[in-house]
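# Reading the structure
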Amino acid sequence: MSTNPMHQFIVYRIGPEISLGNIDISFTNASLFMMISALAIISVFFAGTRRKAVIPTKIQLLTELSYTLVSKMISDTAGSKAKPYFPFIFSLFMFVLFCNMLGMLPYSFTVTSHIIVTFALAAIIFIGVTIIGFVNHGVGYLKLFIPSGVPVVLLPIIVIIEMISYLARPVSLSVRLFANMMAGHTMLKVFGGFVISLGIIGGWLPLSFTVALTGLEILIAFLQAYVFAILTCIYLNDALNLNH
Amino acid sequence: MKKFDVLSTRLKIAKKKANKNSLNNDKKNTSSLGAALKLSTEMVAAVFVGSIIGFILDNWFDSKPWLTIIFFFVGAAAGILNVIRSAKLMQKNND
């Protein structure tokens, strides 16, 4: 075991090296944990929806609660028009949540602590939302960049500012998730390293910190998944209802 | 029969109370923590994107470093706009 706090983020290959042209598409530990989280989601929901009892079992309660949480989130932030996008937002929320939570297990790998993963998710959302906006409103979607009641003189600057703030969405979405996960896990590892270096006499204080931080990290893991999903809803709301 | 009626109304009231309490607490806790985590990245991302756009345009027009500098400030303005917008949204949600 290495005491380097960044060691936990190393991506390494599992199995043979596969390449497609110049691109390396080998199976890595990151792909392994993504698959594990996808399989975990499928099995939890399979177990939860297998028997539909009136008095739910714990696992059925879990699935029903998560359904209500996401469906309420969508109807609160994006309105009834966004109902067809429920499956996408639900899977997104569940995937991010499970990746974050699996990362909390010792010896596991946190997929969402890599910016390429979160940025890929955010880019899918950004492109998808832009397409939805143009499909629903045509060229009128560009009105998003022209706020109402702005004098004509200021218009060129305002349009540029609005465009930058639109383009900043995927960046802020991905950086937020990635930075929170990476900072949290690094901090946990640093305090864990203190426990070892201070030994049996002085190690108790950082150990108690580590325990407290683990609780905080679990909260953040949930919260970041929630924020990721709710921001997707807000962007979807802009694309569907255009009330800027 | 009357007993059942009484019980069901009492149950209804209790449910309503429980619902209200848990909802309020939930919303307050998650939204304020979410807000704290949200605002900082909003600002940084816009500045970052603005500077990158300025840098790319500089390479196109061979005008280093002027467009980078200008777009840095435009990006900062966009960041402030984003922060104000999401703060407004939070305020609306809290009410």
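Residues numbered from 1 in each chain as written. Chains lettered and ligands numbered in written order. Predicted model: local features only at pLDDT ≥ 70, side-chain atom pairs only at ≥ 80, totals over all residues.

## Comments concerning the overall build of chain B
Along its length, chain B carries two helices and zero strands. When burial is assessed residue by residue, chain B has 20% of its 95 residues classed as buried. (Helix = DSSP H or I, 4+ residues; strand = E, 2+ residues; numbered from the N terminus. Buried ≥ 20, exposed ≤ 12 C-beta atoms within 10 Å, placed from the backbone.)

## Re the overall build of chain A
Tallying secondary structure elements over chain A gives six helices and two strands in all. Traced from its N-terminal end to its C-terminal end, chain A shows the element sequence β-β-α-α-α-α-α-α. C-alpha extents for chain A along the principal axes are approximately 70 × 55 × 45 Å. Scored against the burial criterion, the 244 residues of chain A give a buried share of 28%. Put simply, 66% of the contacts in chain A that link residues at least 6 apart link residues at least 24 apart. (Contact = placed C-beta atoms within 7 Å.)

## A word on the nonpolar core
Residue and element names in this part refer to chain A. Of all hydrophobic cores here, the largest spans 57 residues; its most connected members are Phe93, Ala229, Cys233 and Leu236. A per-element tally of this core places helix α6 (residues 204-241) first, with 14 residues. In contact with Phe93, other than residues within four places in its own chain, are Val70, Ala225 and Ala229. (Core = buried A, V, L, I, M, F, W, Y, C linked by C-beta atoms within 7 Å.)

## Looking at the interface of chain B and chain A
Listed per partner, the contact involves 19 residues of chain B and 15 residues of chain A. Those elements giving two or more residues to the side of chain B that touches chain A turn out to be α1 (2-61) and α2 (66-94) of chain B. A total of 13 residues in the side of chain B that touches chain A trace back to one element, the largest contributor, which is α1(B). Of the residues in the side of chain B that touches chain A, the class split is eleven nonpolar, six polar and two charged. (Nonpolar A, V, L, I, M, F, W, Y, C, P; charged D, E, K, R; others polar.)

## Side note on the environment of A:Ala30
All names here are of chain A. Following the sequence through the fold, Ala30 ends up in helix α1 (residues 29-50). C-alpha separation for the pair Ala30 and Ile10, spaced 20 residues apart in sequence, amounts to 9.3 Å. If near-sequence neighbours (up to four positions away) are discounted, Ala30 is found in contact with Val11, Phe109, Val111 and His114.

## Concerning the environment of A:Ala38
Residues and elements named next belong to chain A. By the element assignment, Ala38 lies in helix α1. Take Ala38: there are 15 C-beta atoms within 10 Å of it, and that puts it in the partly exposed class. A sequence separation of 134 residues divides Ala38 from Ser172, and the C-alpha atoms of the two residues are 25 Å apart.

## A word on the packing of helix α2 (residues 58-77) of chain A against α6(A)
Helices that pack against each other are described as a pair by the angle of their axes relative to one another and the distance between those axes. Residue and element names in this part refer to chain A. Taken N-terminus to C-terminus, the directions of α2 and α6 make an angle of 35°; their axes are 9 Å apart at the nearest point. Note that α2 runs across α6; the crossing there is right-handed. Two secondary-structure elements touch here, α2 through Val70, Met73, Ile74 and Thr77 and α6 through Ala229, Ile230, Cys233, Ile234 and Asn237. Split by residue class, the contact of α2 with α6 holds seven nonpolar, two polar and no charged. (Axes fitted to C-alpha atoms, helices over the stretch in contact; angles between N-to-C directions. Left-handed = near helix turned anticlockwise from the far one by under 90°.)

## Quick notes on helix α3 (residues 86-103) of chain A
All names here are of chain A. The terminal C-alpha atoms of α3 lie 26 Å apart, and with 18 residues this matches the ideal 26 Å at 1.5 Å per residue to within 8%. Taken together, the buried positions of α3 are Ile89, Phe90, Phe93, Met94, Val96, Leu97, Phe98, Cys99, Asn100 and Gly103. The inward-facing, buried residues of α3 contact α1, α2, α5 (155-202) and α6. (Expected span 1.5 Å × (residues − 1).)

## Observations concerning unusual backbone geometry
Residue B:Lys64 is joined to B:Pro65 through a cis peptide bond whose omega torsion reads -5°. Residue position: B:Pro65 is located in the loop between α1 and α2. You will see that A:Tyr107, though not glycine, has its phi angle at about 65°, which is positive. With respect to the helices and strands, the residue A:Tyr107 is situated in the loop between α3 and α4 (115-137). Here A:Tyr107 falls in the exposed class, since 6 other C-beta atoms lie within 10 Å of it. If you check the backbone angles, B:Asp62 has positive phi at about 55° while not being a glycine. Assessed through the 6 C-beta atoms surrounding it within 10 Å, B:Asp62 is described here as exposed.

## Points about the packing of α4(A) against α6(A)
Residue and element names in this part refer to chain A. For the pair α4 and α6, interaxial distance at closest approach is 8 Å and the crossing angle is 20°. Regarding the angle of α4 to α6, the classification is roughly parallel. Both α4 and α6 take part in a crossing whose hand is right-handed. Between α4 and α6, the contacting residues are Ile125, Val129, Ile132, Gly133 and Asn136 on the first element and Thr232, Tyr235, Leu236, Ala239 and Leu240 on the second. (Parallel < 35°, antiparallel > 145°, perpendicular 65-115°, else oblique.)

## Topic: α6(A)
A rise of 1.5 Å per residue sets the reference length of α6(A), with its 38 residues, at 56 Å; its end C-alpha atoms lie 55 Å apart and thus fit the reference within 8%. Within two residues after α6(A), A:Leu242 carries a phi angle of roughly 50°, on the positive side.

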